[in-house]
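# Summary of the model geometry
Listed below, chain by chain, are the residues.
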Amino acid sequence: MKCVKDNAQAEVVHKCADKWTRIMEYIDQNVTLDKYFESTCCSYNLYIDCIERQLEVECPNANQVKRKAYVRKYSEGTMNELMDLTCGRFRTLQQCETNANESFKTLTAIQQLEVESSKKSAFFYFLRITLKYDN
């Protein structure tokens, strides 16, 4: 987005990625097999919501519809097929709040924590979870 002009502004979006990584680490280490899909889908929805909220702060004068469309276009290019195939009742943040109430509360609480910059990617944990599910 044009309103994100320097590294300091971009850092708030990187914080969202670090929080998503922390949530995915939690899922990898603590969530049971029967909750992998809902937890993974809901964690991704929290990640996108975090980016949208941070861009509202960093780009207050940007058109809200265009800003959300930009985030969705960026994010859905990487995960859209997976979301369509596996997320079902957990495709949106609102669906997560409704259909994964208890686990969603836990993931939301983790997202609220301050986190250090991660040396790993959320995709590292995503792949570990996928491999566990495949066994």
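A brief report on the enclosed structure follows. (Residues numbered from 1 in each chain as written. Predicted model: local features only at pLDDT ≥ 70, side-chain atom pairs only at ≥ 80, totals over all residues. Heavy atoms only, no water.)

### Things to note about the state of the cysteines
Definition in use: Criterion for a disulfide: a pair of cysteine sulfur atoms within 2.5 Å. Strands are runs of DSSP state E lasting at least 2 residues, helices are runs of H or I lasting at least 4, and numbering of each runs from the N terminus. Relative accessibility decides the category of a residue: with a 1.4 Å probe and only protein chains considered, values under 20% of the type maximum give buried, values over 50% give exposed, and everything between is partly exposed.
Inspection of every chain in the model, using the stated rule, returns 3 disulfides. Covalently, Cys-41 is tied to Cys-87 through a disulfide, its sulfur atoms 1.9 Å apart. Across the disulfide from Cys-41 to Cys-87, rotation about the S-S bond amounts to roughly -90°, and the bridge is consequently left-handed. Here the residue Cys-41 occupies a position in helix H2 (residues 36-58), and Cys-87 occupies one in helix H3 (residues 64-87), the gap between them amounting to 46 residues. A relative accessible area of 3% means that Cys-41 is categorised as buried. A disulfide bridge connects Cys-42 with Cys-96, and the sulfur atoms are separated by 2.1 Å. Negative torsions about the S-S bond denote left-handed disulfides, and the value of about -100° found for Cys-42 with Cys-96 makes this one left-handed. Within this pair, whereas Cys-42 is found in helix H2, its partner Cys-96 is found in helix H4 (residues 93-99), the two being separated by 54 residues in sequence. On the accessibility criterion, Cys-96 (0% relative accessible area) is buried.

### Some remarks on the packing of H2 against helix H5 (residues 101-112)
We apply this condition: For helices, the fitted line uses only the C-alpha atoms of the stretch in contact; every axis is such a line through C-alpha atoms, and the angle between N-to-C directions lies from 0 to 180 degrees. Orientation labels follow simple angle bins: below 35 degrees gives roughly parallel, above 145 gives roughly antiparallel, 65 to 115 gives roughly perpendicular, and whatever is left gives oblique. By convention the crossing between two helices is left-handed if the near helix lies anticlockwise of the far one by an angle smaller than a right angle, and right-handed if it lies clockwise. By definition in these notes, contact holds between two residues if any of their heavy atoms fall within 4.5 Å.
At a minimum axis distance of 10 Å, the contact between H2 and H5 shows a crossing angle of 40°. When the axis of H2 is compared with that of H5, the two are oblique. The element H2 and its partner H5 pack so that their crossing is right-handed. Across from Glu-38, Ser-39, Cys-42, Ser-43, Leu-46, Tyr-47, Cys-50 and Arg-53 in H2, the residues of H5 making contact are Ser-103, Phe-104, Leu-107, Thr-108 and Gln-111.

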